[in-house]
Amino acid sequence: MHGISRSKTVFRTPATTSREIVYSCPPNHHATLSLIIFTNTDSTSRNIILEVYDLDLARYNTVFDKAVTTKDSMIFDNGEYVVLEPGDNVVLTASSADTVAVTLTVKEYLTPTRT
């Protein structure tokens, strides 16, 4: 990755049980998704699906499909990362509204020749 970069952390609690965009890679950028934290604030286990929508392929790709137990968190930070292209979206689906939170850290790279 070349160009100017910046790190960004995003916090979201889905208000519905439908797919919700958590992060969108901006135009003229690439991004690496390196940290994902799921937190279940409910008294019941909840399922969480994290997907990346690939704009070029026009399809959703599942990154994680997990159950998070009651009042617990799951952290994914193993040194690997997902590369996002301009217009790609990170999307979250939770089995219950307002009970699951996600924290993502991305690093955005300015690449002015890309759209």
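First, a word on what this report is: a plain description of the structure on this page. (Residues numbered from 1 in each chain as written. Predicted model: local features only at pLDDT ≥ 70, side-chain atom pairs only at ≥ 80, totals over all residues. Heavy atoms only, no water.)

## As for the overall build of the protein
Part 1 of the reasoning: If you tally the helices and strands in the protein, you get 0 helices and 9 strands.
Part 2 of the reasoning: Going from the N terminus to the C terminus, the protein shows its helices and strands as β-β-β-β-β-β-β-β-β.
Part 3 of the reasoning: A globule of 115 residues ought to have a C-alpha radius of gyration of about 13 Å, and the protein, at 14 Å, matches this closely.
Part 4 of the reasoning: Taking all 115 residues of the protein together, 39% fall into the buried category. (Helix = DSSP H or I, 4+ residues; strand = E, 2+ residues; numbered from the N terminus. Rg over C-alpha atoms; globule rule 2.2 N^0.38 Å. Buried < 20%, exposed > 50% of the residue type's maximum accessible area, 1.4 Å probe, protein only.)

## Looking at the sheet that holds strand 2 (residues 20-24)
Part 1 of the reasoning: In space, the 4 strands of this open sheet follow the order 2-8-4-5, with antiparallel pairing throughout. Since the sheet does not close on itself, it has two edges, and those belong to strand 2 and strand 5 (59-68), each with one partner. In this sheet, neighbouring strand axes are inclined to one another by 25 degrees on average, regardless of whether the strands run parallel or antiparallel.
Part 2 of the reasoning: Bridging between strand 4 (residues 46-54) and strand 8 (residues 89-94) involves 6 bridges; their strand directions are antiparallel. When the sheet's bridge partners are listed, Glu-51 is paired in strand 8 with Val-91. (Pairing = 2+ DSSP bridges. Axes fitted to C-alpha atoms, helices over the stretch in contact; angles between N-to-C directions.)

## Observations regarding the packing of aromatic side chains
Part 1 of the reasoning: Across all of its chains, the model carries 4 aromatic pairs by this definition.
Part 2 of the reasoning: With centroids separated by 6.3 Å and ring planes inclined at 85 degrees, the aromatic side chains of Phe-38 and Phe-64 adopt a geometry described as edge-to-face. On the criterion of sequence distance, the pair formed by Phe-38 in strand 3 (residues 29-40) and Phe-64 in strand 5 is long-range, its members being 26 residues apart. Each member of the pair, Phe-38 as well as Phe-64, is classed as buried.
Part 3 of the reasoning: Taking the ring centre of Tyr-60 as reference, the NZ or CZ of Arg-19 above it sits at 3.6 Å. (Phe/Tyr/Trp six-rings, centres within 6.5 Å; stacked < 30°, edge-to-face > 60°. Lys NZ or Arg CZ within 6 Å of the ring centre and 35° of its normal.)

## Some points on the pattern of salt bridges
Part 1 of the reasoning: Taken as a whole, this structure holds 3 salt bridges when the rule is applied.
Part 2 of the reasoning: Salt-bridge contacts for Arg-6 lead to Glu-108; the nearest nitrogen and oxygen are separated by 2.9 Å. Taken as a pair, Arg-6 in strand 1 (residues 5-12) and Glu-108 in strand 9 (residues 100-110) lie far apart in primary sequence, 102 residues in all.
Part 3 of the reasoning: Ionic pairing is found between Asp-42 and Arg-46, a salt bridge with its closest N-O pair at 2.4 Å. The burial state of Asp-42 is the same as that of Arg-46; both residues are buried. (Salt bridge = Lys/Arg side-chain N within 4 Å of Asp/Glu carboxyl O.)

## Looking at the pairing of strand 3
Part 1 of the reasoning: By the criterion of burial, strand 3 is predominantly enclosed, with 9 of the 12 residues buried.
Part 2 of the reasoning: Pairing of strand 3 with strand 9, which is carried by 11 bridges, proceeds in the antiparallel orientation. The residue of strand 9 that forms the bridge with Leu-33 is Val-106.
Part 3 of the reasoning: Where strand 3 lies against strand 7 (residues 82-84), 3 bridges are found, and the strand directions are antiparallel. Along strand 7, the bridge assignment pairs Thr-32 with Val-83.
Part 4 of the reasoning: Where strand 3 and strand 6 (residues 73-76) come together, 4 bridges link them in antiparallel fashion. Residue pairing across strands places Thr-39 opposite Ser-73, the latter belonging to strand 6.

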